[in-house]
Amino acid sequence: MLDGLKTNLQAAIKKLVSSSGVDEDLIKQLVHDVQIALLQGDVETKLVLEVTEKIKDRAINEKPPPGLPHKDHIVKILYDELAGLLGKDSEFEFKPDRTNKILMLGIQGSGKTTMSSKLAKYLTKQGYKVGVIGADTFRPGALAQLRTMCERAGVEVYGEESNKNSPDVVKKGLRHFEGSELDIILVDTAGRH
């Protein structure tokens, strides 16, 4: 799904960049192509219409800064508005004096296990005490991958190869880490159960 979104957005930008000039019709075509790409990428219709209306309005009405070609300015507008869909940078603080729990969710194949291990490593480098529960009982090798990657960062992983009941693994994992004074427990899931 994300590969299709990327491909469709690249095609829309390529059309813009390879055109001989920028006019309102080209901008409308770009907006139409972006709408199709986002809708096929499973983005909510209302959100697609809102963001593409902003893109169209800005692309038609904003003057590019001196020295920046109009096409490049439109690509920047597109980037800014699409990045805005993902949210803004914000500071996140974990609650002190308690164990914070993070449940990793997402569609299958989206990289939850890899992200869990990378996040564990990052948080450890930030000075947090981190533990990880491997609750992806669906994908063969998920627990082994998690252990291998977290081992490099010195992060303990709890998991049970023979237990296929994810909620049970999580409960046992939370009990396992109970007395260890961790700041954060990451729970890697299959994302489908």
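See above for the structure.
Keep in mind the model is a prediction, meaning the values are calculated, not measured.

Participant: Before we move on, could you go through the packing of helix α2 (residues 24–40) against helix α3 (residues 45–61) and cite the residues and values that matter?
Facilitator: Two elements in contact, α2 and α3, have axes separated by 10 Å at closest approach and are oriented at 160°. When the interaxial angle is binned, α2 and α3 end up roughly antiparallel. Regarding α2 and α3, the two cross each other, and that crossing is right-handed. For the pair α2 and α3, contact is made by Glu24, Ile27, Lys28, Val31, Val34, Gln35, Leu38 and Leu39 and by Thr45, Val48, Leu49, Val51, Thr52, Ile55, Lys56, Ala59 and Ile60, respectively. Split by residue class, the contact of α2 with α3 holds 11 nonpolar, 3 polar and 3 charged.

Participant: Can you explain unusual backbone geometry? Please cite residues and give values.
Facilitator: With a phi close to 70°, Asp42 is a non-glycine residue in the positive phi region. Its location among the elements puts Asp42 in the loop between α2 and α3. With relative accessibility at 63%, the residue Asp42 sits in the exposed group. Unusually for a residue other than glycine, Asp97 sits at a positive phi of about 65°. The topology assignment puts Asp97 in the loop between α4 (70–85) and β1 (100–104). Here Asp97 falls in the exposed class, since its relative accessible area comes to 84%.

Participant: Kindly report on the nonpolar core, identifying the contributing residues and their values.
Facilitator: By size, the foremost hydrophobic cluster in this structure holds 19 residues, and its most contacted members are Leu9, Leu30, Val34, Leu38, Ile55 and Ile74. Per-element accounting of this core gives the leading share, 7 residues, to α2. The next biggest cluster of nonpolar side chains, apart from the first, holds 15 residues, and it includes Phe94, Met104, Val130 and Val132.

Participant: Let's hear about the packing of aromatic side chains: which residues, and what values?
Facilitator: All chains considered together, the criterion is met by 1 aromatic pair. Seen in terms of ring centroids, Phe94 and Tyr128 are 5.2 Å apart; in terms of plane orientation they differ by 75°. Their pairing is edge-to-face. In this pair, Phe94 sits in the loop between α4 and β1 while Tyr128 sits in the loop between α5 (112–125) and β2 (130–135), placing the two residues 34 residues apart along the sequence. Owing to a relative accessible area of 17%, Phe94 belongs among the buried residues under this scheme.

Participant: Explain the sheet that holds β2 to me, using residue names and the numbers behind them.
Facilitator: Pairing in this open sheet of 4 strands is parallel, and the strands run β1-β4-β2-β3 from one edge to the other. In the strand order of this sheet, the two ends are held by β1 and β3 (156–158), each with one partner. Ignoring which end each strand starts from, the neighbouring axes of this sheet average 20° apart. Here β1 pairs with strand β4 (residues 184–189) via 5 bridges, running parallel. Looking at the pairing, Leu103 lines up with Val187 of β4. Relative to β4, α5 is tilted by about 170°, and along the sheet it contacts β1, β2 and β4. Contacts between helix α6 (residues 142–151) and the sheet are confined to β2, β3 and β4, with β3 contributing the most and set at about 165° to the helix.

Cut-offs and rules
Residues numbered from 1 in each chain as written. Predicted model: local features only at pLDDT ≥ 70, side-chain atom pairs only at ≥ 80, totals over all residues. Heavy atoms only, no water. Axes fitted to C-alpha atoms, helices over the stretch in contact; angles between N-to-C directions. Helix = DSSP H or I, 4+ residues; strand = E, 2+ residues; numbered from the N terminus. Parallel < 35°, antiparallel > 145°, perpendicular 65-115°, else oblique. Left-handed = near helix turned anticlockwise from the far one by under 90°. Contact = heavy atoms within 4.5 Å. Nonpolar A, V, L, I, M, F, W, Y, C, P; charged D, E, K, R; others polar. Buried < 20%, exposed > 50% of the residue type's maximum accessible area, 1.4 Å probe, protein only. Core = buried A, V, L, I, M, F, W, Y, C linked by side-chain atoms within 4.5 Å. Phe/Tyr/Trp six-rings, centres within 6.5 Å; stacked < 30°, edge-to-face > 60°. Pairing = 2+ DSSP bridges.

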